[in-house]
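Read off the chains here:
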Amino acid sequence: MSTRALVIAAPASGSGKTTLATGLIGALRRAGHRVAPFKVGPDYIDPGYHALAAGRPGRNLDPVLVGADRVLPLYRHGSAGCDLAVVEGVMGLFDGRIDRDNPAPVAEGSTAQVAALLGAPVVLVVDARGHSQSLAALLHGFATFDSGIRLGGVILNRVGSARHEQVLREACARVGLPVLGALPRMGELSVPARHLGLVPAAEHGSAAHAAVEAMTELVAANIDLDAVARMAGGSAGGAAWDPVAELAATNGELDRAAGQPVVAVAGGPVFTFGYAEHRELLEAAGARVAVFDPRTGRLPADAAALVIPGGFPEEHAADLAANTLLLGAVAEAAAAGLPVHAECAGLLYLTRELDGHRMAGVLDATAAFGPRLTLGYRDAVALTDSVLWRAGERVRGHEFHRTRLVTTGSNDPAWGWHGADGPAREGAALHRVHASYLHTHPAGNPTAIARFVAAAVEYGAARVDA
């Protein structure tokens, strides 16, 4: 039996989707449901709160990064054993990748596209501040804009009073949309934010648990959970995504690694930006994953490869710099040929210096926090052979950072693409190190993961022979 889904969307960003979705996941779980949490798009932070509420990993559904054909299989994989799934949307319902050269009826990567792929109904979360009878016109537009999207109901958020709620309910009734609940204005539920959004749950510690509990209580007290559960649907049966099958479907140059090479993965509160499917693919390729905290930990002695994912190193630069033993070990291992895959925060960790703090010095570059946010999808081409990609291979990735490289030396660029300001060159590929600001989704690039594990096997064998 397939898992029934419900998509939580909004007319615009800032409407309260994350609070509502997280609280709904927690409240449905408390009511006895097994809930699978998902987030549309490349967001790494919201799934952390979803995971706390659900008691299982939060996952992403991003047609841009993995391809539309993988969305439903990935959904089935992530919802296995669950009876309900809550899918939090991104931005406004119809907002997605802006592609003026290839306009589509439904924007690629939008919540609407994912809802259509899942065949799931949409619940629209409306920030009620400033709304009155005219809400009916807004809802009519969203309900009729695309016949492929089924708008199942409305949740009113930040309602000012009982009278305000009554007027808004009447407006919803005018367009035939049921109201599943109304949440009062509750400013104390705000989760601390910084330049890229919410503070990750892994950093926020016990306060994150308290915030999730408060969201759960708020939703349980104000939302008709039975009506929500009845409304869920879609997600017809079919094959689930399988990491072993994905690797078997690669070009055949890579077999499952023998001997379980250890792939060390930087974690802790600093490096939190990653996808659950990454570890699953590494393990399916034959690796054993060992997570460590670069603030205080050591590189595992038997590490045959190193993954340094994204996160907020600029917030923890002093702590990272204080672990000089690890910095030296990473530099020494990289120079000796250790395969290294570093994305965004990982790139910064490999520079000589970040905001005046010493880093590993693997790359001939320095970095600093900057005034501008760099954000968007990129259609990139690999410019150099590496432990992950071959020169000329094309990849879709996503940039999301406020830091910048201040000085760069003779590193060969990892990626090239055509940006708004012309041709761009980004990242570094040297020896067996691939470092870049570009985030990629492993499920969309299984061959790269298999190559990386194969390089780990080769490194481990060479070290034994030596």
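The coordinates are above.
Below is a summary of the structure that appears in this document. (Residues numbered from 1 in each chain as written. Predicted model: local features only at pLDDT ≥ 70, side-chain atom pairs only at ≥ 80, totals over all residues. Heavy atoms only, no water.)

## Notes on unusual backbone geometry
At Cys344, a position not held by glycine, the phi torsion is positive, near 55 degrees. Looking at where Cys344 falls in the secondary structure, it is placed in the loop between strand S13 (340-343) and helix H15 (345-349). For Cys344, a relative accessible area of 4% puts it in the buried group. (Helix = DSSP H or I, 4+ residues; strand = E, 2+ residues; numbered from the N terminus. Buried < 20%, exposed > 50% of the residue type's maximum accessible area, 1.4 Å probe, protein only.)

## Concerning the pairing of strand S12 (residues 303-308)
Burial runs high along S12: 6 of the 6 residues are buried. When strand S10 (residues 262-266) meets S12, the two strands line up parallel, connected through 4 bridges. Bridge pairing links Ala264 to Leu306 in S12. Of the strand pairs in this sheet, S12 and S13 are connected by 3 bridges, and their pairing is parallel. Pairing of Ile308 across the sheet is with Ala342, part of S13. (Pairing = 2+ DSSP bridges.)

## Side note on the packing of helix H1 (residues 17-30) against helix H2 (residues 46-54)
Following both chains from N to C, one finds H1 and H2 inclined at 20 degrees, their axes separated by 8 Å at the closest point. In this view, H1 runs roughly parallel relative to H2, as classed from their interaxial angle. Between H1 and H2 lies a crossing of right-handed hand. Here Thr18, Ala21, Thr22, Ile25, Gly26 and Arg29 of H1 come into contact with H2, specifically with Asp46, Tyr49, His50, Leu52, Ala53 and Ala54. In the contact of H1 with H2, the residues fall into 6 nonpolar, 4 polar and 2 charged. (Axes fitted to C-alpha atoms, helices over the stretch in contact; angles between N-to-C directions. Parallel < 35°, antiparallel > 145°, perpendicular 65-115°, else oblique. Left-handed = near helix turned anticlockwise from the far one by under 90°. Contact = heavy atoms within 4.5 Å. Nonpolar A, V, L, I, M, F, W, Y, C, P; charged D, E, K, R; others polar.)

## Thoughts on the packing of aromatic side chains
According to the stated counting rule, one finds 8 aromatic pairs in the structure shown. Ring centres of Tyr44 and Phe273 lie 5.0 Å apart, and the angle between their planes is 10 degrees; on these two criteria the pair is classed as stacked. Taken together, the positions of Tyr44 in the loop between strand S2 (35-40) and H2 and Phe273 in the loop between S10 and helix H12 (276-284) put the pair 229 residues apart, joining distant regions of the chain. You'll find Tyr44 and Phe273 in the same group, each marked buried. Summarising the aromatic geometry, the rings of Trp389 and Trp415 are spaced 4.9 Å apart at their centres and angled 65 degrees between planes, so their arrangement reads as edge-to-face. Of this pair, Trp389 sits in the loop between strand S16 (365-382) and strand S17 (394-408) while Trp415 sits in strand S18 (residues 415-419), and the two are 26 residues apart along the sequence. Residue Trp415 is classed as buried on the basis of its relative accessible area of 1%. Within the aromatic cluster, the residues linked to one another by ring pairs are Tyr44, Phe273, Tyr275 and Phe312. (Phe/Tyr/Trp six-rings, centres within 6.5 Å; stacked < 30°, edge-to-face > 60°.)

## Topic: the packing of H2 against helix H9 (residues 206-222)
Direction vectors running N to C along H2 and H9 enclose 70 degrees, while the axes themselves pass 10 Å from each other. With respect to H9, the element H2 is oriented roughly perpendicular. Judged by the twist between their axes, the crossing of H2 over H9 is right-handed. Note on element contacts: H9 touches H2 through Ala208, His209 and Val212, opposite Tyr49, Leu52 and Ala53. Residue composition of the contact of H2 with H9, by class: 5 nonpolar, 1 polar and no charged.

## Thoughts on the pairing of strand S1 (residues 4-9)
Counted residue by residue, S1 has 5 buried out of 6 residues, so it is predominantly covered. In terms of strand pairing, S1 meets strand S4 (residues 84-88) through 5 bridges, oriented parallel. When the sheet's bridge partners are listed, Ile8 is paired in S4 with Glu88. Note: S1 against strand S5 (residues 122-127), 3 bridges, orientation parallel.

## Remarks on helix H6 (residues 135-144)
For H6, the full list of buried residues reads Leu135, Ala136, Leu139 and Phe142. Angular distribution of buried residues about the axis of H6 spans 130 degrees; they occupy a single face of the element. (Arc of directions from axis to C-beta.)

## Brief notes about the side chain of Lys17
Relative to the assigned elements, Lys17 resides in helix H1. Despite its burial, Lys17 pairs with no opposite charge, the nearest such side chain being Glu88 at 5.2 Å. Residues contacting Lys17, with those up to four places away along its chain left out, are Ile8, Ala9, Ala10, Ala12, Glu88, Gly89, Val90 and Met91. (Lys, Arg positive; Asp, Glu negative; His and termini not counted. Salt bridge = Lys/Arg side-chain N within 4 Å of Asp/Glu carboxyl O.)

## Here's the deal with the sheet that holds S1
Adjacent strands of a sheet form backbone hydrogen bonds with each other and so pair up, either parallel or antiparallel. Pairing within the open sheet is parallel, and its 7 strands lie in the order S3-S2-S4-S1-S5-S6-S7. This sheet does not close on itself; its edge strands, each paired only once, are strand S3 (59-61) and strand S7 (179-184). Strand-to-strand twist in this sheet, taken as the mean axis angle between neighbours without regard to direction, amounts to 25 degrees. Contacts from H1 reach S1, S2, S4, S5, strand S6 (151-159) and S7, with the element oriented near 170 degrees to S4.

## Digging into the pattern of salt bridges
Taken as a whole, this structure holds 20 salt bridges when the rule is applied. For the salt bridge of Arg295 with Asp293, the shortest nitrogen-to-oxygen distance reads 2.7 Å. For the salt bridge of Arg352 with Asp364, the shortest nitrogen-to-oxygen distance reads 2.3 Å. Highlighted residues: Arg352 in the loop between H15 and strand S14 (353-354) and Asp364 in the loop between strand S15 (357-358) and S16, separated in sequence by 12 residues. Note on Asp364: relative accessible area 34%, which makes it partly exposed. Each of Arg97, Glu108, Asp379 and Arg396 takes part in a single network of salt bridges with overlapping partners.

## Notes on the environment of Gly67
Locating Gly67 in the fold gives a position in the loop between helix H3 (63-66) and helix H4 (68-78). For the pair Gly67 and Glu280, spaced 213 residues apart in sequence, the C-alpha to C-alpha distance is 19 Å.

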